[in-house]
Amino acid sequence: NDNGSYSQLQEYYLSLPGRKDPVIVVPLNTERTIGVITFVKEEEDEEVDNYKEERGFCASSVHGKTVEEQQQQCRRRHYVHTLNTPSGFQRKLEAIGIQEADYSPC
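Conventions and cut-offs
Residues numbered from 1 in each chain as written. Predicted model: local features only at pLDDT ≥ 70, side-chain atom pairs only at ≥ 80, totals over all residues. Heavy atoms only, no water. Helix = DSSP H or I, 4+ residues; strand = E, 2+ residues; numbered from the N terminus. Buried < 20%, exposed > 50% of the residue type's maximum accessible area, 1.4 Å probe, protein only. Contact = heavy atoms within 4.5 Å. Areas by Shrake-Rupley, 256 points an atom, 1.4 Å probe, with all protein chains shown as cover. Polar contact = N/O pair within 3.5 Å; in protein donor to acceptor, adjacent residues only side chain to side chain. pLDDT = per-residue confidence, 0-100. Pairing = 2+ DSSP bridges. Axes fitted to C-alpha atoms, helices over the stretch in contact; angles between N-to-C directions.

Participant: Can you explain the overall build of the protein? Please cite residues and give values.
Facilitator: Scanning the protein from terminus to terminus reveals 3 helices and 4 strands. When the helices and strands of the protein are listed from N to C terminus, the series reads β-β-β-α-α-β-α. The proportion of buried residues among the 106 residues of the protein is 33%. Taking contacts inside the protein between residues at least 6 apart in sequence as the whole, the part at least 24 apart equals 51%. Surface exposure of the protein reaches about 7300 Å², of which carbon and sulfur atoms provide 48%.

Listed below in structure tokens is the structure:
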């Protein structure tokens with residue numbers, strides 16, 4: 001439409017060198033000057049460890065899943081979202097090492 005907004009949003013899932021946690025970038029306008037930045041925090045906690053022990057997960061191949069698939073399943077994901085103004089969006093992206101080319105269509 002003609003006001004610069006997207007009719008369909010695109011999500012860019014980025015794993016950056018030197019960063020443990022992936023980042024999701026969702027530009028909210030066609031100029032890519034505002035958007036949402038989401039930090040995906042993966043962690044295991046005591047509750048998950050107890051559940052794994054009780055169920056036998058993450059120790060060997062169970063129910064056709066590889067150990068790696070089970071370990072992924074046993075991690076908790078927390079999402080930290082930031083909605084940004086034009087100056088904040090660019091500043092935060094630059095601070096975490098993301099360039100516009102990283103979240104632009106090919």
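Participant: I'd love a proper account of the side chain of Asn29, names of residues and values included.
Facilitator: Mapped onto the elements, Asn29 comes out in the loop between strand 2 (23–27) and strand 3 (35–43). Of the polar contacts made by the side chain of Asn29, one reaches the side chain of Glu31; its length is 3.2 Å. Polar contacts involving the side chain of Asn29 include one to the main-chain amide nitrogen of Arg32, which spans 3.0 Å.

Participant: Just give me the short version of the confidence of the model for the protein, but keep the residues and values in it.
Facilitator: On average, residues of the protein score 75 in pLDDT, and 61% of them are at 70 or above. Here helix 1 (residues 46–55) stands out as the element of the protein with the lowest mean pLDDT, 57, in contrast to strand 2, whose mean of 92 is the highest.

Participant: For the sheet that holds strand 3, give the residues involved together with the corresponding values.
Facilitator: Pairing in this open sheet of 4 strands is antiparallel, and the strands run 1-2-3-4 from one edge to the other. Looking along the sheet, the strands with just one partner apiece sit at the ends: strand 1 (12–14) and strand 4 (76–84). Adjacent strand axes in the sheet meet at a mean angle of 20° when their direction is disregarded. Note that strand 3 and strand 4 share 9 bridges and pair antiparallel. Within strand 4, the residue paired with Thr38 across the bridge is His81.

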